[in-house]
Amino acid sequence: MTAYPFSFLPQEFKGKRVLITGGTKGIGAATVQRFQMSGASVAATARTSPTKNDPSLLFVKADLGTTSGVAQVVERVVREWGGIDILVNNLGATDTKPGGFEALNDEDWQHVLNVNLLAAVRLDRAFLRGMIERKTGVIVHIASVAHRLPFSNSTLAYASAKGALSTYSKGLAKGVAAQGVRVVMISPGFIETSGAHGMIMDISRSAGVSEEAARQRILEMLGGIPVGRPGRAEEVAELIAFLSSDRAAFISGVDYVIDGGTIPTVG
């Protein structure tokens, strides 16, 4: 377990069962660590296994972009735990094809929707019944500022899927709040995960510029980040932990943007 940069309450989530999708890298891995340090029983799922063996982690290797992958995760978690108390739908991915949105065919769009929208819908549907029966539960959807600041290139399908996730999340929150279940969403900006760092290095190599110059190109493409740097995965994990905690018991149906000020504030 890597050093964690923030303080936390070691027993805050003791007795809670937490499932985190996309839980082996970036924001997902940081969120797994955050909940584990706070006493939760944590399950994670991804297409790739964790780099280190962690006997305390219930890991299910699966492709959530398929109905069978979702069913595999649900069956394992229910068999081991009977249900969950907190669901963090962190999974998000897109393949960046050269060219504009016209480079995407129907198969590309369907794949992006399966991964970035329907995986969350299917998991929510599977675990919500138990939460409603117990009259308690939290669902966190991780989106992206891309649904508010979409580009016209091949990431448009990803931005559109996250926009649909936003609409779905808001509607679901209204439907289950009175039954004791809170649904919230987080839209991160540019978070320098290992994947994002790989993109920086790709730009550096292809453009023949330094790593810092490549990073700056991404910041400029986003219109700048007023705080002057990309975010860290642990900063998003902290927001996830807060919204999942009893301290946020009066928060539901919101979309929290964590982007260093990238999206301009409209007065």
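Scope of this entry: the structure provided in the associated data block. (Residues numbered from 1 in each chain as written. Predicted model: local features only at pLDDT ≥ 70, side-chain atom pairs only at ≥ 80, totals over all residues. Heavy atoms only, no water.)

## Overview of unusual backbone geometry
Most of the time, phi is negative for any residue but glycine, and the peptide bond is trans. What counts is decided by this rule: Counting from the N terminus, the helices are the DSSP runs of H or I reaching at least four residues and the strands are the DSSP runs of E reaching at least two.
Residues other than glycine seldom take positive phi values, yet K135 does so here, at roughly 60°. With respect to the helices and strands, K135 occurs in the loop between α3 (106–134) and β5 (137–142).

## Regarding the side chain of K162
As a reminder, the rule being used: When a residue's accessible area, from a 1.4 Å probe over protein chains only, is under 20% of the maximum for its type it is buried; when over 50% it is exposed; and in between it is partly exposed. Charge convention: Lys and Arg are scored as positive, Asp and Glu as negative, and His as well as the terminal groups of each chain are ignored. Definition used for salt bridges: Asp or Glu carboxyl oxygen within 4 Å of a side-chain nitrogen of Lys or Arg. When checking whether two residues touch, look at their non-hydrogen atoms; a contact exists if any pair is within 4.5 Å.
For K162, the location among the structural elements is in helix α4 (residues 156–176). One buried charge, K162, has no salt-bridge partner; the nearest side chain with opposite charge is D255, at 11 Å. Excluding its chain neighbours within four sequence positions, the residues that come into contact with K162 are L91, G92, N116, I142, A143, S144 and H147.

## So, the side chain of T21
Take T21: it is sitting in strand β1 (residues 17–21). Assessed through its relative accessible area of 1%, T21 is described here as buried. Non-local contacts of T21, meaning those with residues more than four positions away in its chain, are made with T45, L64, V88, N89, N90, L91 and L123.

## Comments concerning empty space enclosed by the protein
Applied cut-off: The definitions used throughout rest on a 1 Å grid laid over the protein atoms alone, on which a cavity is an enclosed set of points accommodating a 1.4 Å probe that cannot get out and a pocket is an open set flanked by protein within 12 Å on both sides along at least five of seven lines; lining residues are those having an atom within 4 Å of a point. Grid points are joined across faces, edges and corners, and a volume is the space filled by probe spheres set on the points. Classification used: nonpolar for Ala, Val, Leu, Ile, Met, Phe, Trp, Tyr, Cys and Pro, charged for Asp, Glu, Lys and Arg, polar for all others including Gly.
Under the counting rule described, the total for this entry stands at 1 cavity of 30 Å³ or more. Approximately 70 Å³ is the volume found for the largest cavity. In this structure, the largest cavity is lined by 15 residues; those nearest its centre are N89, L91, V115, A119 and A120. Listed by contribution, the elements that provide at least two residues to the lining of the largest cavity are α3, β5 and α4. Sorting elements by how many residues they give to the lining of the largest cavity places α3 first, with 6 residues. Residue composition of the lining of the largest cavity, by class: 9 nonpolar, 5 polar and 1 charged.

## A word on the sheet that holds strand β3 (residues 58–61)
The test is simple: At least two bridges found by DSSP between two strands are what make those strands a pair. To get an axis, fit a line to the C-alpha atoms, keeping to the stretch in contact for a helix; angles then go from 0 to 180 degrees between the N-to-C directions.
Here 7 strands make up an open sheet; going across it, the order is β3-β2-β1-β4-β5-β6-β7 and the pairing parallel. The outermost strands of the open sheet, each flanked by one partner alone, are β3 and β7 (255–258). Sheet twist, expressed as the mean angle between neighbouring strand axes with direction ignored, is 15°. As judged from the 5 bridges shared by β1 and strand β2 (residues 41–46), these two strands associate in the parallel manner. Opposite R17, over in β2, you have S41 as the bridge partner. Lying on the sheet, helix α2 (residues 67–81) is in contact with β1, β2 and β3; it crosses β3 at an angle near 155°.

## Section: the nonpolar core
Condition: Buried residues of nine kinds, namely Ala, Val, Leu, Ile, Met, Phe, Trp, Tyr and Cys, make up a nonpolar core once their side-chain atoms join them within 4.5 Å.
Core analysis: the largest hydrophobic core is formed by 32 residues, its most contacted members being F35, V88, I186 and I240. A total of 7 residues in this core trace back to one element, the largest contributor, which is helix α7 (residues 233–244). Discounting residues that sit within four places of it in the chain, F35 has contacts with F13, V18, I20, A40, V42, I86, V88, I240, A241 and S244.

## As for helix α6 (residues 211–221)
Note the threshold: Working note: the arc is built from the helix axis to C-beta atom directions.
Of all the residues in α6, the buried ones are A214, R215, I218 and L219. Each buried residue of α6 sits inside an arc of 145° when the element is viewed along its axis, so together they form one side. Looking at the buried residues of α6, the elements they touch are α5 (194–207). Of the residues flanking the end of α6, it is G223, one or two places downstream, whose phi is positive at about 90°.

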